[in-house]
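What follows is the residue order along each chain.
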Amino acid sequence: MTTLLPTAMPVRPFLDWPVVTDPAQWQADVALIGIQHSEPYAHDPFPNDQAQAPDAIRLASTQFSDGRDHWDFDIGAELDSVLPPRCLDCGNVAWTGDSYDHYSASVTARLRHLWRRGTQLFVLGGDHGVTIPVLDAMDALGEPVFVVHIDAHLDWREDVRGVRRGYSSPLRWASTKPYVSGMTQIGLRATGSARRAEVEAALAYGSHLFTAHDFHRLGSEAVLATLPAGANVYITIDADGLDPTEMPGVMGPAPGGLYFRQVAPLVRRIASTHRLVGMDIVEVAPRYDFANRITCITAGRLLLNAIGASWRAHRQAD
Ligand SMILES: [Mn+2]
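## Describing the overall build of the protein chain
Argument step 1. Helix and strand counts for the protein chain stand at 10 helices and 10 strands.
Argument step 2. The C-alpha atoms of the protein chain give a radius of gyration of 18 Å, which matches the 20 Å a tight globule of 318 residues would have.
Argument step 3. Dimensions along the principal axes, computed over C-alpha positions, put the protein chain at roughly 50 × 45 × 40 Å.
Argument step 4. In the protein chain, which comprises 318 residues, the proportion classed as buried is 50%.

Below, the structure is given as C-alpha cells:
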C-alpha cells in the first residue's frame, strides 16, 4: 500500500480534539474528517461554498466545547463521560490539484484505513457527492451496512450530464454496492433532481421512502421499524433535510422539513440500538448561514448526539 500523505490542518479542531494529520498516527475510537470536494457539475462553481463547511462547523463547535465537565442535556451526562478516550480530528482532505479521480481515491484510501482500524467515522462535507467515496470505502468494514438518509431530495440520479459522482447521485451509488444491505430515506419533499424514473428505481431497489409529511405523521417508530435488527448503520444527513428555519444555510432550502427535536432523538436511538459505523453531514453552505451560525451549530450538535449516544450505549458492550 502506498503511504498516505498527511491531510490539511483544520482552522481549529472540532471540540478541541487533538489534530492528527498523518494517517500513520490515526489510532482512535472516533475520528472526524473533512472532505471538501466531490465531482463537480459543469454548471456549478468549483470549489463550491460547501467546501468551506468543515472548518465553519469546527469553528461553530466552540459554542458547545467549553468545559467537558459541563452537563450536556441532550445526552444526559457530562461530555467527558460520553466521549470515548481517543477522539481525533483528522483534518481535511485537500484538493491535490490534478483530477477528481485522484482526489476521490485519496479520500477512499484514508477512510478505509480508519475503518480497518475499527474507528467510528464522522465526515464533514462538502456537498452530497462526498458520500460517494465514503461508500466506496465501506468495503473495508467487511460486513453489510444499512444506510439511513435524511434529505429533502432523493439523490438517485444515475448521472447529471455525464457526471456520475456528483451531489445528485449518492443513494444511487449506494444501491450498486453489494455490502449496502438496504436504505431508508427520510424527509423527501418539494422537487429536486429526481424524476419519475429515479423514484421508480429507488422503489424497485427496495428503498424505504418517507416524505417529510410521512415522517411528521408517522413519527420515528415507523422509520426505526425499517432498520434490520442488529445491522451496522451509516447515517448520511443532508442539511436541507432539516427544516430551513433550523438549518437555513443550505443551497436548496425547502419548507416543511424535519426538526432537530425529531432528528436528534432518531440519531441517538439508532446509535444506541445499532452499531453506527459512521455518519456524515453534508451540504452546509456557510455563506448562507446568516442567523448566528445556527446551521453549523446544529450540524455539530447532531454529530455530538450521535457520538455521545453511541459511546454511552456501547462502551461496556465493546
Ligand atoms: Mn442530498
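## Comments concerning helix α1 (residues 53-60)
Working note: α-helix, 3.6 residues per turn, so residues spaced by three or four point in the same direction.
Argument step 1. Within α1, 7 of the 8 residues are buried, leaving the element largely enclosed by the surrounding structure.
Argument step 2. Along α1, the positions that sit buried rather than exposed are Ala53, Pro54, Asp55, Ala56, Ile57, Arg58 and Ala60.
Argument step 3. Looking at the buried side of α1, the elements it contacts are β1 (30-35), β4 (87-93), β5 (120-125) and α10 (294-314).

## A short note on the environment of aspartate 136
Argument step 1. Locating aspartate 136 in the fold gives a position in helix α4 (residues 131-137).
Argument step 2. Measuring from C-alpha to C-alpha, the distance between aspartate 136 and proline 253 comes to 28 Å, with 117 residues separating the pair along the chain.

## Things to note about unusual backbone geometry
Leaving glycine out, the prevailing phi sign among residues is negative, and the prevailing peptide bond configuration is trans.
Argument step 1. Note that the residue after phenylalanine 46, namely proline 47, is joined by a cis bond; omega there is -5°.
Argument step 2. Mapped onto the secondary structure, proline 47 falls in the loop between β1 and α1.
Argument step 3. In this structure, glycine 126 follows glycine 125 across a cis peptide bond, with omega equal to 15°.
Argument step 4. Within the secondary structure, glycine 126 is located in the loop between β5 and α4.
Argument step 5. Even without a glycine there, the phi angle at arginine 161 is positive, about 50°.
Argument step 6. Under the C-beta neighbour-count criterion, arginine 161 is labelled exposed, with 9 such atoms within 10 Å.
Argument step 7. Positive phi, normally seen in glycine, also occurs at asparagine 292, with a value near 60°.
Argument step 8. Structurally, asparagine 292 is set in the loop between β10 (275-282) and α10.

## Quick notes on the sheet that holds strand β7 (residues 180-188)
Strand pairing in a sheet takes place through backbone hydrogen bonds and is either antiparallel or parallel in direction.
Argument step 1. Reading across from one edge, β4-β1-β5-β10-β9-β6-β7-β8 is the order of the 8 strands in this open sheet, with parallel pairing throughout. Two strands bound the open sheet, and with one partner strand each, they are β4 and β8 (208-211). Each strand of the sheet is rotated relative to its neighbour by a mean of 15°, with strand direction disregarded.
Argument step 2. Here 7 bridges tie strand β9 (residues 232-238) to β10, and the two strands are oriented parallel to one another.

## Some remarks on helix α9 (residues 260-273)
Argument step 1. The end-to-end C-alpha distance of α9 is 20 Å, a good match for the 20 Å that 14 residues give at a rise of 1.5 Å each.
Argument step 2. Inspection of α9 places Gln262, Val263, Leu266, Val267, Arg268, Ile270 and Ala271 among the buried residues, and these make up the whole buried set.
Argument step 3. Where the residues of α9 are buried, they touch β6 (145-150), α8 (220-224), β9, β10 and α10.

## Focus on the packing of α1 against α10
Packed helices, taken two at a time, are described by their axes: the angle between them and the distance between them.
Argument step 1. α10 packs onto α1 with a crossing angle of 80° between their chain directions and a minimal axis gap of 8 Å. In terms of orientation, α1 lies roughly perpendicular with respect to α10. Contacts between α1 and α10 involve Ala56, Ile57 and Ala60 from the former and Cys296, Ile297, Ala299 and Gly300 from the latter.
Argument step 2. The residue inventory of the contact of α1 with α10, partitioned by class, reads 6 nonpolar, 1 polar and no charged.

## Describing the nonpolar core
Argument step 1. In terms of nonpolar packing, the biggest core is built from 88 residues, with Ala31, Val233 and Val284 touching the most fellow members.
Argument step 2. A total of 9 residues in this core trace back to one element, the largest contributor, which is α10.
Argument step 3. Not counting the four nearest positions on each side in its chain, valine 284 is found in contact with Gln50, Ala53, Ala56, Ile57, Ala239, Gly249, Val250, Thr295, Cys296 and Ala299.

Here is what the cut-offs are and how they apply
- Residues numbered from 1 in each chain as written.
- Predicted model: local features only at pLDDT ≥ 70, side-chain atom pairs only at ≥ 80, totals over all residues.
- Helix = DSSP H or I, 4+ residues; strand = E, 2+ residues; numbered from the N terminus.
- Rg over C-alpha atoms; globule rule 2.2 N^0.38 Å.
- Buried ≥ 20, exposed ≤ 12 C-beta atoms within 10 Å, placed from the backbone.
- Contact = placed C-beta atoms within 7 Å.
- Pairing = 2+ DSSP bridges.
- Axes fitted to C-alpha atoms, helices over the stretch in contact; angles between N-to-C directions.
- Expected span 1.5 Å × (residues − 1).
- Parallel < 35°, antiparallel > 145°, perpendicular 65-115°, else oblique.
- Nonpolar A, V, L, I, M, F, W, Y, C, P; charged D, E, K, R; others polar.
- Core = buried A, V, L, I, M, F, W, Y, C linked by C-beta atoms within 7 Å.

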